[in-house]
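Descriptive analysis of the structure
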Amino acid sequence: MSAFPQSSLYLSKSLYMIGLQCQKGLWLHKYQPELRDEISPEQESIFDFGIGIGQYAQELFPGGVLIPYDGLSHSQQLAMTQEAIADGASTIYEAAFSYNNVFIKADILHMGLDGWELYEVKSSGSQKEQHLDDIAVQYYVIAGTRIHLAKACLVHLNTDYERQGPIDVRQLFTTVDLTGTVQKMQSDVVSRLATMRTMLQDELPDIDIGPQCDDPYTCGFHGHCWTHIPENSVFDFRGAGRPNAFELYRQGIVRMEDVPADALGWRQKLQLGGLLYQKNHIDKEAVKDFLDSLWYPLCFMDFETTFMVPIPLFDGMRPYEQLPFQFSLHVIEKEREAPVHHAFLARDLKNPCEEFLFNLLPVIPPGACILVWNRGFETRILRDLAARFPEKNGELSSIIENIRDLMAPFRDKSVYHWKLNGSYSIKDVLPALVDGYSYENLPIQSGDKASTAWVRTVQEPDSIERQRLCSELLDYCSLDTMAMVLILKELKRAVEYISYISKPRSRK
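Figured I'd write up the structure that's included with this text. All values reported here derive from a predicted model rather than from experimental measurement.

This next bit is on the sheet that holds strand 10 (residues 324–332). Strand order in the open sheet made by the five strands is 11-10-9-12-13, with mixed pairing throughout. At either end of the open sheet lies a strand with only one pairing partner, and these are strand 11 (340–345) and strand 13 (403–405). Geometrically, the sheet is characterised by an average inter-axis angle of 25 degrees between neighbouring strands, direction not taken into account. Relative to strand 12 (residues 369–372), strand 9 (residues 298–305) runs parallel, the two sharing three bridges. When the bridges of strand 12 are listed, Phe-300 appears paired with Leu-371.

Right, here's the structure in full:
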């Protein structure tokens, strides 16, 4: 008799999807869930957005019956679903079904002209391969309960929809009929369920780490399964030319220093030299050419934008569109003058673009050289603004033409500090080059966290909490531009020092 209880044969849609990605992940979910990684605040935020999207999608078929999840057993949810069907409900939200010991919750079940229609709602802006598997297992379960499904559809966000007034759910979503494809997948669902259940009646599968750990999603047991990977491993090489980490790993090569030199590109050799010997590198001529391309007035500019916001918050916004809500600008009019700081933060729940632009343009001196970190980002935002405000196109085009990228010498490895470990993120470059400066103690430490904080800020009713969030956002963005001021100063010092020690000395 198996040592594993019959309850191990039970599967849900989410467990089925986990099993498709990695059977070891499914086994751990069933038997050792305590090993699961903690859910980050960013992941929680994504989950919350997903719930909101599902509620908007329900308005595609208004007036339906909701089958709650929280506080109810599966048996209660199944009974409520059957009761709703028996009572003649034409639309059911979160309908519960079970067949062959597989439990699913259907986002929307609607009675159409030819029978019941299944609608699976996703927060993505397009169809993904894994969505087919998701809908296929739901079709298997619902059809198994002898309910005729005339349609099986995917509902995802329409990223071309631009909000004007109240959300128009008909425009917000795109519906894709996948019935034929899903029907052809039914034999695959049967065989995969059988394989998973056979696996669950045995010991933990001997499945090593691999690309499946992060594809299509980061596994909930990533931390547990990767505990044997040391710091500074083959997975930490960065940049173009890096070797295939999993290929090296399968050969038994795990540590950076054990990789054959001929398997590394020049960037990775630089990274390895920094790790082993704390070697720094600077191409004096390349850095000098970069410095010579700059002029005064000199501006240091950084933008923060909306990120991962699926439902447009206000008019003129599209799903997941990056709209600028904050900038920081340090301006040095003449060499050796102290920088003057300018900042803007939108504080109302409305489209921030106009206010952002009309605060930014007056504080950029005419003809100024503008330094940013990652030129492509700020340039794209400015071009989007030019499209929104064509009357400002000439002024914005001049600004774009004068933008220079302070990240370039670090990305191109003209400058490399051993502490960077292959990175050229400003979050790593600042503490490596400038003592006493770091992002570590800031409540907000990244652009995605800034975006999440701003959404909270403009929706926060409590004035004290709102002011705290605003202060944190201003501190974060200000450090981004002050960091560039300090980094540029260090580059100048380094070139001057190299020039000094390279000068020939006369004999006395």
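The next subject is the layout of surface pockets. In this structure, the second largest pocket occupies an estimated 590 Å³ of space. In this structure, the second largest pocket is lined by 22 residues; those nearest its centre are Tyr-296, Glu-335, Leu-488, Lys-489 and Lys-492. Elements with a contribution of two residues or more to the lining of the second largest pocket: helix 12 (284–292), strand 9 and helix 19 (463–502). With nine residues, the single largest contributor to the lining of the second largest pocket is helix 19.

Ranked by internal contacts, the top residues of the largest apolar core, which has 78 residues, are Met-301, Leu-382 and Trp-454. For this core, the leading source of residues is helix 19, giving 13 residues. Contact partners of Leu-382, with chain neighbours within four places excluded, come to Met-301, Phe-303, Leu-360, Leu-396, Ile-399, Ile-400 and Ile-403.

Residues of helix 1 (residues 13–21) that are buried include every one of Lys-13, Leu-15, Tyr-16, Met-17, Gly-19 and Gln-21, and no others. Packing partners of the buried residues in helix 1 comprise strand 1 (11–12), helix 2 (23–31), strand 4 (102–112), strand 5 (115–121), helix 5 (129–144) and helix 8 (186–200).

This next bit is on the packing of aromatic side chains. By the definition in use, this model includes 16 aromatic pairs. For the pair Phe-314 and Trp-454, a centre-to-centre distance of 6.4 Å together with 70 degrees between the ring planes defines the contact as edge-to-face. A residue pair is termed long-range when its members are at least 10 positions apart, and Phe-314 in the loop between strand 9 and strand 10 and Trp-454 in helix 18 (residues 447–459) qualify at 140 residues. Trp-454 carries the same exposure label as Phe-314, and that label is buried. Of the aromatic side chains, those joined through ring pairs into one cluster are Trp-226, Phe-235, Phe-246 and Tyr-249.

Okay, the packing of helix 1 against helix 2 next. Where helix 1 contacts helix 2, the axes come no closer than 5 Å and their chain directions differ by 140 degrees. Accordingly, the angle class assigned to the pair helix 1 and helix 2 is oblique. For the pair helix 1 and helix 2, contact is made by Leu-15, Ile-18 and Gly-19 and by Gln-23, Gly-25, Leu-26, His-29 and Lys-30, respectively. Considering only residue class, the contact of helix 1 with helix 2 consists of three nonpolar, four polar and one charged.

All right, on to unusual backbone geometry then. Pro-216 follows Asp-215 through a cis peptide bond whose omega is 5 degrees. Among the structural elements, Pro-216 can be located in the loop between helix 8 and helix 9 (222–225). Each neighbour pair has its own omega, and for Tyr-296 with Pro-297 the value is -5 degrees, a cis peptide bond. Mapped onto the elements of the fold, Pro-297 is located in the loop between helix 12 and strand 9. Notably, Asn-101 is not glycine yet its phi reads approximately 65 degrees, a positive angle. Within the element layout of this structure, Asn-101 appears in the loop between strand 3 (91–99) and strand 4. Phi is positive for Asn-232, which is not a glycine, with a value near 60 degrees. Within the fold, Asn-232 resides in the loop between helix 9 and helix 10 (245–250).

So, on to the environment of Met-199. By secondary structure assignment, the location of Met-199 is in helix 8. Overall, the relative accessible area of 9% leaves Met-199 in the buried class. Sequence separation between Met-199 and Gly-19 is 180 residues; the distance between their C-alpha atoms is 10.0 Å. Dropping the residues within four chain positions of it, Met-199 is found in contact with Gln-23, Leu-26, Trp-27 and Pro-205.

What follows covers the state of the cysteines. Within the structure shown, the criterion is met by zero disulfides. The thiol of Cys-369 is not disulfide-bonded; the next cysteine sulfur, from Cys-299, is found 8.2 Å away. Free of any disulfide, Cys-470 has its nearest neighbouring cysteine sulfur in Cys-477, separated by 13 Å.

Before going further, it helps to examine helix 15 (residues 393–401). All of the buried residues in helix 15 are Leu-396, Ile-399 and Ile-400. Seen from one end, helix 15 has its buried residues packed into an arc of 100 degrees, which puts them on one side. Looking at the buried side of helix 15, the elements it contacts are helix 13 (353–360), strand 12, helix 14 (375–388) and strand 13.

Definitions and limits used
Counting from 1, residues in each chain are numbered in the order their sequence is written. It should be noted that, the model being predicted, local features are given only for residues of pLDDT at least 70 and side-chain atom pairs only at 80 or more, the latter also being counted only at that level, while totals for whole chains, interfaces and linings use all residues. For the side-chain quantities, the full set of heavy atoms in the structure was used; hydrogens and water were omitted. A strand pair is defined by DSSP finding two or more bridges across the two strands. For helices the rule is a DSSP run of H or I covering at least 4 residues; for strands it is a run of E covering at least 2, with both sets numbered from the N terminus onward. In this analysis an axis means a line fitted to C-alpha atoms, helices contributing only their contacting stretch, and an angle means the value between N-to-C directions, from 0 to 180 degrees. With a 1 Å grid laid over protein atoms only, a set of points is called a cavity when a 1.4 Å probe fits there but cannot get out and a pocket when it is open yet has protein on both sides within 12 Å along at least five of seven lines; lining residues have an atom within 4 Å of a point. Grid points are joined across faces, edges and corners, and a volume is the space filled by probe spheres set on the points. Think of a nonpolar core as a cluster: buried Ala, Val, Leu, Ile, Met, Phe, Trp, Tyr and Cys residues, connected wherever their side-chain atoms sit within 4.5 Å. For every residue, the accessible area (1.4 Å probe, protein chains only) is compared with the maximum for its type, and the residue is labelled buried under 20%, exposed over 50%, or partly exposed between those bounds. Residues count as neighbours in contact if any of their non-hydrogen atoms are within 4.5 Å of one another. Pairing of aromatic side chains requires ring centres within 6.5 Å, counting the rings of Phe and Tyr and the six-membered ring of Trp. Pairs whose planes differ by under 30 degrees are stacked, by over 60 edge-to-face, and all others tilted. With respect to orientation, any angle under 35 degrees is reported as roughly parallel, any angle over 145 as roughly antiparallel, any angle of 65 to 115 as roughly perpendicular, and every other angle as oblique. For this scheme, ten residues count as nonpolar: Ala, Val, Leu, Ile, Met, Phe, Trp, Tyr, Cys and Pro. Four count as charged, namely Asp, Glu, Lys and Arg, and the remainder, Gly too, count as polar. Counting rule for disulfides: a pair of cysteine sulfur atoms within 2.5 Å. Of all possible arcs, the one meant is that of the directions from the helix axis to the C-beta atoms.

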